[in-house]
Amino acid sequence: MENAAASAARDPRVAVLIPCYNEALTIAKVVDDFRRVLPDAAIYVYDNNSSDGTAAIAAEHGAIVRTEPRQGKGNVVRQMFREIEADYYIMVDGDDTYPAEAAPDLLAPLMDGRADMTVGDRLSNGSYGEENDRAFHGFGNDLVRWLIKVIYGYSFDDVMTGYRAFNRVFVKTMPVMSTGFQIETEISIHAVDRRWRVVDVPIDYRDRPEGSESKLSTFNDGAKVLMAITSLFKDYRPLAFFGWVALILVVLGVIVGIPIIAEFVRTGLVPRLPTALLAVSIVILAGLSLTIGLVLDTVAKSHRKQWEIDVYRAYEWPLHGGGR
């Protein structure tokens with residue numbers, strides 16, 4: 001058991017988390033670069049059913065290699081967050097597109113107590129636009145950034161980056177629900193919804209080396225990201241979500257009902273009864289939607305209160321030691 005003084009005296013433990021799927025071409029360099037820049041850090045490579053020897057190469061270069069049989073980056077990140085204990089975490093892709101030299105800059109705001117999550121921003125200095133020639137990737141990033149700004153009022157400089165750093169409390173209270181490439185969006189939305197301190201750190205991005213292929217499907221994974229934003233909006237802000245649904249239904253009901261009302265005012269008759277029933281039904285659905293939003297908002301606030309208590313408990317960890 002550690003006491004507070006002993007915990008404060010020891011050097012902070014840093015873990016580098018590298019989720020990998022078929023990155024044999026680049027993983028050796030990634031591990032070597034982070035070993036050079038952060039010689040005291042524990043470097044973990046989580047192999048996600050690679051068929052090209054990624055795990056063996058990572059082990060040869062000194063990484064701690066573990067496997068995650070459930071396919072998908074979200075599944076890998078969930079298991080890493082569950083298993084690995086450290087004071088600070090750096091998460092980076094294994095494709096050698098992110099510079100290890102930026103790791104100290106990502107860690108500094110965490111260690112200074114200015115941030116709970118730092119984000120490796122590829123966009124502000126223009127390096128991503130210069131290096132990445134894949135169609136629609138920039139557009140997709142901008143769309144997700146805009147949606148998060150509209151819904152949550154926070155503007156990320158780069159929301160889809162795979163290079164981030166976290167403190168322990170953030171990691172151990174992050175409920176990972178995604179299975180695939182939606183994980184970056186989920187982490188970003190969780191951070192702003194739970195009011196974590198976020199700092200964007202500009203980095204130099206470089207494209208994948210020749211022969212290395214991206215696993216991201218622009219349209220399929222893009223659709224999943226948009227679905228994840230919708231689902232998280234419903235879960236985190238149910239009153240706003242169902243309130244918008246109710247408003248849309250009311251507008252539809254009014255559009256359908258105005259001709260019926262006008263005809264009734266003019267003639268005193270309702271000859272199109274089915275249309276009148278449709279308009280009334282739509283407005284009733286709007287009322288039900290708003291009611292659902294109010295009920296779920298109460299549930300969400302209860303979950304938020306419990307999550308805050310869990311955060312307090314997570315902050316106690318350095319006082320008691322532990323971990324592996």
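Above this note sits the structure.
Our subject in this report is the structure included herewith. (Residues numbered from 1 in each chain as written. Predicted model: local features only at pLDDT ≥ 70, side-chain atom pairs only at ≥ 80, totals over all residues. Heavy atoms only, no water.)

### Concerning the overall build of the chain
Here's step 1: Helix and strand counts for the chain stand at 13 helices and 7 strands.
Here's step 2: Within the chain, the fraction of its 324 residues that count as buried is 46%.
Here's step 3: The long-range share in the chain, meaning contacts at least 24 apart out of those at least 6 apart in sequence, stands at 76%.
Here's step 4: Of the roughly 16,100 Å² of accessible surface on the chain, 62% is carried by carbon and sulfur atoms. (Helix = DSSP H or I, 4+ residues; strand = E, 2+ residues; numbered from the N terminus. Buried < 20%, exposed > 50% of the residue type's maximum accessible area, 1.4 Å probe, protein only. Contact = heavy atoms within 4.5 Å. Areas by Shrake-Rupley, 256 points an atom, 1.4 Å probe, with all protein chains shown as cover.)

### Some points on the nonpolar core
Here's step 1: Counting residues in each nonpolar core, the largest one holds 42 residues, and the members touching the most others are Phe-81, Met-117, Phe-166 and Ile-187.
Here's step 2: With residues near it in sequence (within four places) discarded, Phe-81 still touches Leu-17, Phe-166, Val-171, Lys-172, Met-174, Val-176 and Ile-187.
Here's step 3: Counting residues in each nonpolar core, the second largest holds 30 residues, with Ile-43, Leu-106, Leu-107 and Ala-165 among its members. (Core = buried A, V, L, I, M, F, W, Y, C linked by side-chain atoms within 4.5 Å.)

### So, a nonpolar patch on the surface
Here's step 1: Among the surface-exposed residues, Trp-244, Leu-247, Ile-248, Val-251, Leu-252 and Ile-255 lie close enough to one another that they form a single nonpolar patch of about 610 Å² accessible area.
Here's step 2: Among the secondary structure elements, Leu-252 is positioned in helix α11 (residues 238-267).
Here's step 3: A residue is classified by how much of its surface remains accessible, and Leu-252, at 42% relative accessible area, is partly exposed. (Patch = residues over 30% accessible without salt bridge, like charges linked within 9 Å, V, L, I, M, F, W, Y side chains within 5 Å. Salt bridge = Lys/Arg side-chain N within 4 Å of Asp/Glu carboxyl O.)

### Quick notes on the pairing of strand β1 (residues 14-20)
Here's step 1: In terms of burial, β1 is largely enclosed, as 7 of its 7 residues are buried.
Here's step 2: Here β1 shows two buried faces, one formed by Val-14, Val-16, Ile-18 and Cys-20 and the other by Ala-15, Leu-17 and Pro-19.
Here's step 3: Pairing geometry for β1 and strand β4 (residues 88-91), over 4 bridges, is parallel. Each residue of the ladder has a partner; that of Val-16, found in β4, is Ile-90.
Here's step 4: Strand direction decides the pairing type here: β1 and strand β2 (residues 42-47), joined by 6 bridges, are parallel. Bridge pairing in β2 links Cys-20 to Asp-47.
Here's step 5: Between β1 and its parallel partner β2, the chain crosses via helix α2 (residues 27-37), and the hand of that crossover is right-handed. (Pairing = 2+ DSSP bridges. Right-handed = clockwise from strand over helix to strand, strands pointing away.)

### Structural notes on the packing of aromatic side chains
Here's step 1: Counting across every chain of the model gives 10 aromatic pairs.
Here's step 2: Note on Tyr-98 and Tyr-163: the rings are 5.4 Å apart at their centroids and 45° apart in plane angle, and the pair reads as tilted. Here Tyr-163 lies in the loop between α7 (137-152) and β6 (164-167) and Tyr-98 lies in the loop between β4 and α5 (103-111), a separation of 65 residues in the sequence. When sorted by exposure, Tyr-98 lands in the same class as Tyr-163, which is buried.
Here's step 3: Between the NZ or CZ atom of Arg-122 and the centre of the ring of Tyr-205, over which it lies, the distance is 5.7 Å.
Here's step 4: Over the aromatic face of Trp-307 sits the side chain of Arg-194, whose NZ or CZ is 5.1 Å from the ring centroid. (Phe/Tyr/Trp six-rings, centres within 6.5 Å; stacked < 30°, edge-to-face > 60°. Lys NZ or Arg CZ within 6 Å of the ring centre and 35° of its normal.)

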